[in-house]
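Residue-level structure breakdown
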Amino acid sequence: MSLKSYIIARSILTLPMILLLLTILFFVLRVLPGDPVTMLEGKDIPEDVLQKRRAELGLDKPVLVQYFNYLGMIFQGNLGTTALSKIPVSYLIYQRLPATVELAIMSMIVAISIGILFGMYGARKLHGYLDYLARLYGIIIYSTPIFFLALVFILVFSIYLGIFPSSSRLNPLNELAYLDIRKTGFVLIDGLMARRIDIVIDWLHHLILPSLVLGLYLSGIFVRLTRSQVAESLSKDYVIAAKARGIHDSRILYKYGLRNAIIPIVTMMGLQFAALLGGAVITETVFSWPGIGSLVYDSILARDYNMVQGSIVIYAILVVIVSLIVDITYAYLDPRIRY
């Protein structure tokens, strides 16, 4: 099978996966305790108003009718409107998604840089000082709850040292100024296009702390994975032959060790990046970062079915795209892969 045929086949197979995900989500939301109308309007809402609001939201119809109506809307590209403010779900996702993408990219840069560096040098000196340090770091950082890590960083760097802000994406004044120059939703791109370097610097200042927390947390995965894969590669015969030819250890580490261990690392990169695009709920909530994660969290608390379901649709599509990119990358990194 050619690469093109494989991509087409994988794309077709993702449709049932998205449908199954939507089905599970639809019914899970409706068996959760709590009525969305009373949560929006209050428990003392008159019965006639209650019935009217339920009819407006389509909740007075049988569940199966609601389900097929929702699927029909999805296939038409309509994600519905929010329950309270009647704002199109797609508009809110469009407003929030760039912030999550920014956080995901910066967090992955931190995680990959620290994780691969520690993992490589731990594998280079197995059972040595660096190896024990890398393994200890990976265990401690990944076993630490991310909300605790976030609170510690806020306490140290925001409250005690006052170096970084602890919430939001921009300060209030720059937030207002950004509304006038917003085009893509990405502060870096919009700020550079408008030549507002002050807004870009302020954005970076706000982004450092949440991306550092999330990146450090994820780096624990990459430390352990890189160490084990590189150590396995360095034990192969071709590495022994390279050493016998007098090739420098650093060149062996990068060219023979990391390069031949990169496939599972790339897989993990794709999985973690897709998860981050789905919304790092805890990190975004703790740091009041205006991304998809905090939007979904607020929507679940409000029982806003359309908002939650619409976010999951976008998340599923992003996972599919990232998975395809990872599969295509395999073909370039490992010529043994045939489709």
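Located above this text is the structure these notes cover.
Description of the structure in this document. (Residues numbered from 1 in each chain as written. Predicted model: local features only at pLDDT ≥ 70, side-chain atom pairs only at ≥ 80, totals over all residues. Heavy atoms only, no water.)

**Observations concerning the overall build of the protein chain**
Quick note on the threshold: Strands here are runs of E lasting at least two residues and helices are runs of H or I lasting at least four, both read from the DSSP assignment and numbered beginning at the N terminus. Should any heavy atoms of two residues lie within 4.5 Å, those residues are considered in contact. Only the protein chains shown count as covering a residue, and every accessible area follows the Shrake-Rupley method with a 1.4 Å probe.
Scanning the protein chain from N- to C-terminus turns up 16 helices and 0 strands. Within the protein chain, contacts between residues separated by at least 24 positions form 73% of all contacts whose residues are at least 6 apart in sequence. By element, 68% of the accessible surface of the protein chain is carried by carbon and sulfur atoms, the whole surface being about 18,100 Å².

**Let's talk about the packing of helix 10 (residues 197–234) against helix 13 (residues 262–277)**
Counted only if it meets this: Each axis is a line fitted through C-alpha atoms, and for a helix only the stretch in contact is used; angles between axes span 0 to 180 degrees, taken between their N-to-C directions. Any angle between 65 and 115 degrees counts as roughly perpendicular, while under 35 counts as roughly parallel, over 145 as roughly antiparallel, and the rest as oblique. Helix crossings fall into two classes, left-handed where the near helix is turned counterclockwise from the far one by less than a right angle and right-handed where it is turned clockwise.
Relative to each other, helix 10 and helix 13 sit at 160°, their axes nearing to 10 Å. By the angle between their directions, the pair helix 10 and helix 13 is classed as roughly antiparallel. Crossing hand, helix 10 versus helix 13: right-handed. Seen from helix 10, the contacting residues are Leu214, Leu218, Ile221, Phe222, Leu225, Thr226 and Gln229; seen from helix 13, they are Pro264, Ile265, Met268, Met269, Gln272 and Leu276.

**Notes on the pattern of salt bridges**
Convention followed: Salt-bridge detection follows one rule: a side-chain nitrogen of Lys or Arg within 4 Å of a carboxyl oxygen of Asp or Glu. A 1.4 Å probe rolled over the protein chains alone gives each residue an accessible area, and that area as a share of the maximum for its type sets the label: buried under 20%, exposed over 50%, partly exposed in between.
Summed over all chains, the structure comprises 2 salt bridges. Between Arg169 and Glu102 there is a salt bridge, and its shortest N-O distance comes to 2.8 Å. Residue Arg169 is located in the loop between helix 7 (146–160) and helix 8 (172–181), and its partner Glu102 is located in helix 5 (residues 89–124); the two are separated by 67 residues in the primary sequence. Considered together, Arg169 and Glu102 belong to a single accessibility category, that of buried residues.

**What to know about the side chain of Ser294**
For clarity, the threshold we go by: Throughout this description, a polar contact denotes any pair of N or O atoms lying within 3.5 Å of each other; where both atoms belong to protein, one of them has to be capable of donating a hydrogen while the other can accept it, and for residues adjacent in sequence the pair is counted only when both atoms sit in side chains.
With respect to the secondary-structure elements, Ser294 resides in helix 15 (residues 292–301). We classify Ser294 as buried; its relative accessible area is 10%. At a separation of 3.1 Å, a polar atom in the side chain of Ser294 contacts the side chain of Arg96. Not counting residues within four places of it along the chain, the set of residues in contact with Ser294 comprises Arg96, Glu284, Thr285 and Trp289.

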